[in-house]
Each structure stands twice: as C-alpha cells, then as structure tokens.
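A look at the structure
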Amino acid sequence: GRQVRVTHEWREMDAVKPLGPPPGLEHPAPGAELRESVVTFRWKPVKGAARYHLQVSRRKDFRWPYRTSLDVMVPTTTWCVPYTGIFSPDTTYHVRLRCRDRWGVWGAWGQAATFTWRGLRVPVDVRAEVKGQSVTLHWRPNPRGERPIKYEVYASDEKGFSVDKKEHTVTGRGKVPG
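Quick look at the structure, then. These numbers come from a predicted model, not from an experiment.

**Some remarks on the sheet that holds strand 6 (residues 78–80)**
Pairing is antiparallel across the open sheet formed by three strands, whose spatial order is 1-3-6. Strand pairing shows two members of the sheet lacking a second neighbour, strand 1 (25–27) and strand 6, which therefore form its edges. Geometrically, the sheet is characterised by an average inter-axis angle of 25° between neighbouring strands, direction not taken into account. Both strand 1 and strand 3 (residues 40–43) contribute to a ladder of two bridges, which runs antiparallel. Within strand 3, the residue paired with His-27 across the bridge is Arg-42.

Given below as structure tokens:
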C-alpha cells in the first residue's frame, strides 16, 4: 500500500554548443599497418574538451566495440591498450573519437579511420622436457601473424612473474635478479 510520484523537469536551452569533432588520430595514422605489441592511440587536444571517447570496432557501423576494453572515455589525448595480444593479425579495425566539454555535453564523432595489425603472436605448442636437472623448452612459431626472427625466453621460480631484465624488488621477497 505505497504510492510514489516521480516528477521530472528540465529546461531546454541552446547556450551550450557541443564541441566539434576531433580532427582525427595522430597514431595510428589512417590505413596504418601496426606491428607493435602494445598500441598507444594518440590525438591532438580539442580546445575546451574535458574528456575523449575512443572506440575500436571490427564493424564499420561501430555497433559493437571489438572488446569492451576498446570503448573507453579518458581525460587525456593518449590511451594505451591494457595488454598485449589484444589485436588479431590481418584484421581491419575501425577507430573513432569524440570529445566532451566540462558540462558533460558530447560532441559529434570525428571521421572514422581504419588500421590493421600485423605484429607477432605468442608461440604455440610450448612444452618443457625435463631430463635429470636440465629442462629443454620446445615450441612452434604461431602460424598467425608475422614470423619471428628470434625469441627471448624468461624464467623464474615466482609464479606469475613479471619480466624484468635488471635486478628488481619484489614485494615479500626483496631484491631478485633480472
């Protein structure tokens, strides 16, 4: 036996004009072929912009982002993908950008551009062969993507370790070798 009344009021006004579309990305350039493992998107600032909305999709209509982590709103003019292996080789990606002013009004999308990624992929069929106190690693190059010319192999007794070529400090362990 409860009753609720919701009243919503607003006032239309044209005092705040949306910002124009951004001029486009500086990196990647339209039609670029990228090989870097971690891609950083970069664009020129738009005067009055407080935030930017970047979308990457495999669809021209941007109906769905390629991944949810590639539909982001950031306060800066650069954004770096969160991890390696996010893009697939020989795939065309569409990217677009828009900006928001300090009042929260989003402007129009800028001109969409495309890029393809042709970088290296992690090896496949990785296995360790243990004989006595020696361990031999075996793997095959990934058939997708560019063929590598060399590999760097890292190992640690620390599960889930981060690669560091120099001596560094690990919480709870102190200094560890590179």
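That covers the picture; the talk isn't over yet.
**Some remarks on the layout of surface pockets**
Once rolled over the atoms, a probe with the size of a water molecule shows which space is left empty. Computed from the structure, the largest pocket encloses a volume of approximately 620 Å³. If you trace the largest pocket, you find 17 residues lining it, with Ser-37, Leu-120, Arg-121, Val-122 and Pro-123 closest to the centre. Roughly 190 Å³ of internal volume is contained in the second largest pocket. Along the wall of the second largest pocket there are 14 residues; nearest its centre are Ala-155, Ser-156, His-168, Pro-177 and Gly-178. By residue class, the composition of the lining of the second largest pocket is six nonpolar, four polar and four charged.

**Remarks on the packing of aromatic side chains**
Enumeration over the complete set of coordinates arrives at nine aromatic pairs. Between Phe-41 and Phe-115 the ring centres are 6.0 Å apart and the planes differ by 65°, which places this aromatic pair in the edge-to-face class. Here Phe-115 lies in strand 8 (residues 113–117) and Phe-41 lies in strand 3, a separation of 74 residues in the sequence. When its relative accessible area of 0% is taken as the criterion, Phe-41 is described as buried. Aromatic pair Tyr-66 and Tyr-93: ring centres 4.9 Å apart, planes at 65°, arrangement edge-to-face. Taken together, the residues Tyr-66 in the loop between strand 4 (51–57) and strand 5 (71–74) and Tyr-93 in strand 7 (residues 92–100) connect sequence positions 27 residues apart.

About the thresholds
Residues numbered from 1 in each chain as written. Predicted model: local features only at pLDDT ≥ 70, side-chain atom pairs only at ≥ 80, totals over all residues. Heavy atoms only, no water. Pairing = 2+ DSSP bridges. Helix = DSSP H or I, 4+ residues; strand = E, 2+ residues; numbered from the N terminus. Axes fitted to C-alpha atoms, helices over the stretch in contact; angles between N-to-C directions. 1 Å grid on protein atoms, 1.4 Å probe; cavity = no way out; pocket = protein on both sides within 12 Å on 5 of 7 lines; lining within 4 Å. Points joined across faces, edges and corners; volume = space filled by probe spheres on them. Nonpolar A, V, L, I, M, F, W, Y, C, P; charged D, E, K, R; others polar. Phe/Tyr/Trp six-rings, centres within 6.5 Å; stacked < 30°, edge-to-face > 60°. Buried < 20%, exposed > 50% of the residue type's maximum accessible area, 1.4 Å probe, protein only.

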